[in-house]
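Next come the chains, spelled out residue by residue.
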Amino acid sequence: MTSEFKEFPDYVPDDGITAAELVSGKEGLTYNDFLILPGYIDFASKEVTLNSPITKKITLNTPLVSSPMDTVTESRMAIAMALMGGIGFVHHNCSAEFQAEEVRKVKKFEQGFILDPIVLSCSHTVNDVKKVKESYGFSGVAITDTGKLGGRLLGIVTSRDIDFLDDFDQKISEVMTPREKLVTAKAGTSLSEANQLLQASKKGKLPIVNEDDQLVGLISRTDLKKNREFPQASKDKNKQLLVGAAMSTHEKDKTRLDMLVNAGVDVIILDSSQGNSIYQIDMIKYIKNRYPDLQIIGGNVVTAAQAKSLIDAGVDGLRVGMGSGSICITQEVMAVGRPQGTAVYRVAEYARRFRVPVIADGGITCVGHITKALALGASTVMMGSLLAATSESPGEYFYQDGVRLKKYRGMGCLAAMKDGDGAKERYFSDQDAIRVAQGVAGSVVDRGSIYTYIPYLVAGIQHGCQDIGSRSLFTLRSMMYDGKLKFEKRTLAAMKEGGVHSLHSYEMKLY
């Protein structure tokens, strides 16, 4: 060993560049243009915690969000995302009534105390119970004398009462389990006490009644099981699943807003391809004045200047991305936008000063891109194409050349604009005589169910954080802003080397 190395045995040369240095050039960067350098591992990947804020007041256990697109998120997707610890945003390319009902389905799906259960009266029929099951996915319905919550409890109808019936016109009173055979809990009973009662009784439903035997709530055995199966589920203070919804900045959507709030929506996304507008600023101020506690996510933005306008107006979160989605052609057609890697860093670095979380929206094609977005300062990541071909997305599967597919389209494509006002309003095209498409329609390969796909994404993020040396997403962002997290740009040859190469053939099965 030479004398100079004997003098500095702990010397390690500086390696890599900081995030600030990474984006300091004049060119914009995508997720493929760089890599994160590895750190030191002294913990297992399963120890990595992924809780992260989506707004100032809402924190998710999983930093994954489904996009408000009509081929991605309706109630079924939103339910699945919330159960897995994320959140779904119900699209608005539909009537306000339909969207509010989709939000309502999510809020009713899984709860501790069900504070607004579906209630029928004795005059209803078995067919009405069947309709409840088709709409909400369950058939356990309380029966009161008024057919409403607050009425005197008369009985309960469950699937066991109706599954083998042929006459759907029978009155509920003929098939229900009557009041005297029910186990109930008194109003004021704690959730843990109610759970013990339900487990001891071996019943499927536990009605909650007041001193006048009036129905005030309900607890479901299936909800107890879901609580065990989905411990990371995103819930509000009433143990209901969290759900978001999109709306435009148009005056007529103020009525939509009222309907969404009445349905129980937790957070609103103002859906616009370019969020820095007087229309969005005015709508943010209107919502904050009318519903001060409702969380608002503004966007889309890709610069600090755009972000400032919306932060000054009062947003609780920002959605970042313009033209980077797989079905989006805004950058091509409008010549406006920004590469997503640079956009996420620039907006997040500015917004953090005001404690406003950032959603990275677009450009995500694999789990590695999610980790990169989070490493550049995003708190959560919004996905469209990654979720569009799951079992829980709207639409039907079809086969083409032996491959199972689902349709997926950008909200800026002409077909989406034709089908609903939400798409036109998002791209400021509702008043145009000639509409200019900013998206395309296509198809994506079947990815199976959210309940198997999201765990794969979560495990991938945890392993990425482990390689980096970060035990949490909070630590990951701190490392980045402190300059301890190092990056490196890569050439086209390096990108080729980092992918599958030099094989005659191969099969890629990710999970």
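Before reading further, recall that the structure is shown in the block above.
A brief report on the enclosed structure follows. Bear in mind that the values here come from a model prediction, so they are computed numbers and not experimental data.

1. Examining the sheet that holds strand β6 (residues 119-120)
Moving on, step 1. An order of β6-β7-β8-β9 is seen for the four strands of this open sheet, with the pairing classed as mixed. Taken across any chain shown, the strands that pair with only one partner, and hence form the sheet edges, are β6 and β9 (177-178).
Moving on, step 2. Pairing between strand β8 (residues 153-157) and β9: two bridges, direction antiparallel. Of the residues in β9, the one forming a bridge with glycine 155 is proline 178.

2. Digging into the sheet that holds strand β5 (residues 87-90)
Moving on, step 1. Taken in spatial order, the eight strands of this closed barrel run β4-β5-β13-β14-β15-β16-β17-β18, and their pairing is parallel. With strand direction ignored, the average angle separating the axes of adjacent strands in the sheet is 25°.
Moving on, step 2. Pairing of strand β4 (residues 64-66) with β5 involves two bridges; the strand directions are parallel. Counted as the bridge partner of valine 65 is isoleucine 87 from β5.
Moving on, step 3. Here helix α10 (residues 278-290) sits on the sheet in contact with β13 (244-247), β14 (267-270) and β15 (295-301), set at roughly 175° to β15.

3. A short note on the pattern of salt bridges
Moving on, step 1. Using the criterion set out here, one finds 18 salt bridges in the structure.
Moving on, step 2. The residue lysine 486 makes a salt bridge to aspartate 14 at a minimum N-O spacing of 3.1 Å. Taken together, the residues lysine 486 in the loop between α19 (473-481) and β22 (487-489) and aspartate 14 in the loop between α1 (3-7) and α2 (19-22) connect sequence positions 472 residues apart.
Moving on, step 3. Since its relative accessible area comes to 17%, lysine 486 is described here as buried.
Moving on, step 4. For lysine 308, the salt bridge identified is with aspartate 312, shortest N-O distance 2.6 Å. Of the two residues, lysine 308 and aspartate 312 both sit in helix α11 (residues 304-313), four residues apart, roughly one turn of that helix.
Moving on, step 5. Looking at lysine 308, the relative accessible area reads 41%, which means it is partly exposed.
Moving on, step 6. For aspartate 312, a relative accessible area of 51% translates into the label exposed.
Moving on, step 7. A cluster of three or more residues bridged by salt bridges with shared partners is formed by Asp42, Glu47 and Arg471.

4. Points about the nonpolar core
Moving on, step 1. Within the largest apolar cluster, 95 residues are counted, with the highest numbers of intra-cluster contacts made by Leu318 and Phe487.
Moving on, step 2. Top element by residues in this core is helix α18 (residues 450-468). It accounts for nine residues.
Moving on, step 3. The contact partners of leucine 318, leaving out residues within four places of it in the chain, are Ile297, Gly298, Val301, Ala307, Leu310, Ile311, Val347, Ala351, Val356, Pro357, Val358 and Ile359.

5. Structural notes on helix α14 (residues 367-375)
Moving on, step 1. Within α14, eight of the nine residues are buried, leaving the element largely enclosed by the surrounding structure.
Moving on, step 2. For α14, the set of buried residues is Val367, His369, Ile370, Thr371, Lys372, Ala373, Leu374 and Ala375.
Moving on, step 3. Directly after α14, the chain includes glycine 377, whose backbone phi takes a positive value near 115°.

6. Details of the layout of surface pockets
Moving on, step 1. Approximately 1,000 Å³ is the volume found for the largest pocket.
Moving on, step 2. Contributing to the lining of the largest pocket are 34 residues, with Cys366, Val367, Gly368, Tyr456 and Leu510 lying nearest its centre.
Moving on, step 3. Of all the secondary-structure elements, those providing two or more residues to the lining of the largest pocket are β1 (34-36), α14, α18 and α20 (492-498).
Moving on, step 4. Considering every element that reaches the lining of the largest pocket, the biggest residue donor is α18, with eight residues.
Moving on, step 5. Of the residues in the lining of the largest pocket, the class split is 16 nonpolar, eleven polar and seven charged.

7. So, unusual backbone geometry
Moving on, step 1. Going from glycine 299 to asparagine 300, the amide bond is cis rather than trans, its omega being 0°.
Moving on, step 2. Positionally, asparagine 300 belongs in strand β15.
Moving on, step 3. Phi angles above zero are rare outside glycine, and lysine 239 is one such case at about 70°.
Moving on, step 4. Along the chain, lysine 239 falls in the loop between α8 (221-229) and β13.
Moving on, step 5. On the basis of relative accessibility, which here comes to 40%, the residue lysine 239 falls in the partly exposed class.
Moving on, step 6. Positioned with a positive phi, arginine 355 is a non-glycine residue whose angle comes to about 55°.
Moving on, step 7. As for its position among the elements, arginine 355 is in the loop between α13 (340-351) and β17 (358-361).

Conventions we followed
- Residues numbered from 1 in each chain as written.
- Predicted model: local features only at pLDDT ≥ 70, side-chain atom pairs only at ≥ 80, totals over all residues.
- Heavy atoms only, no water.
- Pairing = 2+ DSSP bridges.
- Helix = DSSP H or I, 4+ residues; strand = E, 2+ residues; numbered from the N terminus.
- Axes fitted to C-alpha atoms, helices over the stretch in contact; angles between N-to-C directions.
- Contact = heavy atoms within 4.5 Å.
- Salt bridge = Lys/Arg side-chain N within 4 Å of Asp/Glu carboxyl O.
- Buried < 20%, exposed > 50% of the residue type's maximum accessible area, 1.4 Å probe, protein only.
- Core = buried A, V, L, I, M, F, W, Y, C linked by side-chain atoms within 4.5 Å.
- 1 Å grid on protein atoms, 1.4 Å probe; cavity = no way out; pocket = protein on both sides within 12 Å on 5 of 7 lines; lining within 4 Å.
- Points joined across faces, edges and corners; volume = space filled by probe spheres on them.
- Nonpolar A, V, L, I, M, F, W, Y, C, P; charged D, E, K, R; others polar.

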